[in-house]
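Remarks on the overall topology
In case you want the letters, here they are:
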Amino acid sequence: RTNKRQYFKETGQWHYAHGINKYQRRKVIRFEMPFNVICLGCEEKFGIPRKIAKGVRFDAKKRFYGQYFRTKIYEFIMVCSACKQQLRVRTNPRDCTYDLAAGLRMAVNKQKDMDLREMEQDRQK
């Protein structure tokens, strides 16, 4: 008699049962939004900007986009749950951050923005 692994491999009883996750099957990962953003699709469709908070998780497809010197640049493609708009985020190894490629824009904190402007004006004086 052959060993268990060989037996199950031949009969196909453990098909996709062990050791294969979403990424290995469909290149899907769990992506967590790195900062507060606004979905442009919701803004067009509903007329109200929908804020997606930092830390919200998405199932995203991970694709190789290019290279910066020898560092790989990846693109994460996900879908907004409200408007079904495709959202794209890319890694930016040059600045050690993420770039919003499509479907998103940065959510600006108005109070924080005003404070920064005041600080800059005080420095210039």
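Residues numbered from 1 in each chain as written. Predicted model: local features only at pLDDT ≥ 70, side-chain atom pairs only at ≥ 80, totals over all residues. Heavy atoms only, no water.

As a further point, take the sheet that holds strand 8 (residues 104–106). Two strands in a sheet stick together by hydrogen bonds in their backbones, pointing the same way (parallel) or opposite ways (antiparallel). Pairing is antiparallel in the open sheet, where three strands are placed in the order 3-2-8. The strands lining the two open edges of the sheet, one partner per strand, are strand 3 (50–52) and strand 8. Neighbour-to-neighbour, the strand axes of this sheet turn through a mean angle of 40°, independent of strand direction. With three bridges joining them, strand 2 (residues 37–39) and strand 8 adopt antiparallel strand pairing. (Pairing = 2+ DSSP bridges. Helix = DSSP H or I, 4+ residues; strand = E, 2+ residues; numbered from the N terminus. Axes fitted to C-alpha atoms, helices over the stretch in contact; angles between N-to-C directions.)

With a phi angle near 55°, F69 is a residue other than glycine that sits in the positive phi range. Mapped onto the elements of the fold, F69 is located in the loop between strand 4 (57–68) and strand 5 (71–79). For C96, which is not glycine, the phi dihedral falls at a positive 55°. The residue C96 is located in the loop between strand 6 (86–92) and strand 7 (97–102) in this model.

It is worth spelling out the pattern of salt bridges at this point. Under the definition given, this model contains six salt bridges. Put simply, R30 and D59 hold a salt bridge, and the shortest N to O gap is 3.1 Å. Of this pair, R30 sits in strand 1 (residues 28–32) while D59 is found in strand 4, placing the two residues 29 residues apart along the sequence. Owing to a relative accessible area of 40%, D59 belongs among the partly exposed residues under this scheme. (Salt bridge = Lys/Arg side-chain N within 4 Å of Asp/Glu carboxyl O. Buried < 20%, exposed > 50% of the residue type's maximum accessible area, 1.4 Å probe, protein only.)

So, on to the sheet that holds strand 5. The strand order across the open sheet formed by five strands is 1-4-5-6-7, and the pairing between neighbours is antiparallel. Single-partner strands in this sheet number two, and they are strand 1 and strand 7. This sheet shows a mean twist of 40° between the axes of neighbouring strands, independent of strand direction. Pairing of strand 4 with strand 5 involves seven bridges; the strand directions are antiparallel. Bridging across to strand 5, Y68 finds its partner in T71.

What follows is about the environment of E43. By the secondary structure assignment, E43 is in helix 3 (residues 40–46). The exposure class assigned to E43 is partly exposed, which follows from its relative accessible area of 27%. For the pair formed by E43 and C83, sequence separation is 40 residues and the distance between their alpha carbons is 9.4 Å. Those residues in contact with E43 that lie beyond four places of it in its chain are I38, I48, P49 and R105. Of the polar contacts made by the side chain of E43, one reaches the side chain of R105; its length is 3.1 Å. (Contact = heavy atoms within 4.5 Å. Polar contact = N/O pair within 3.5 Å; in protein donor to acceptor, adjacent residues only side chain to side chain.)

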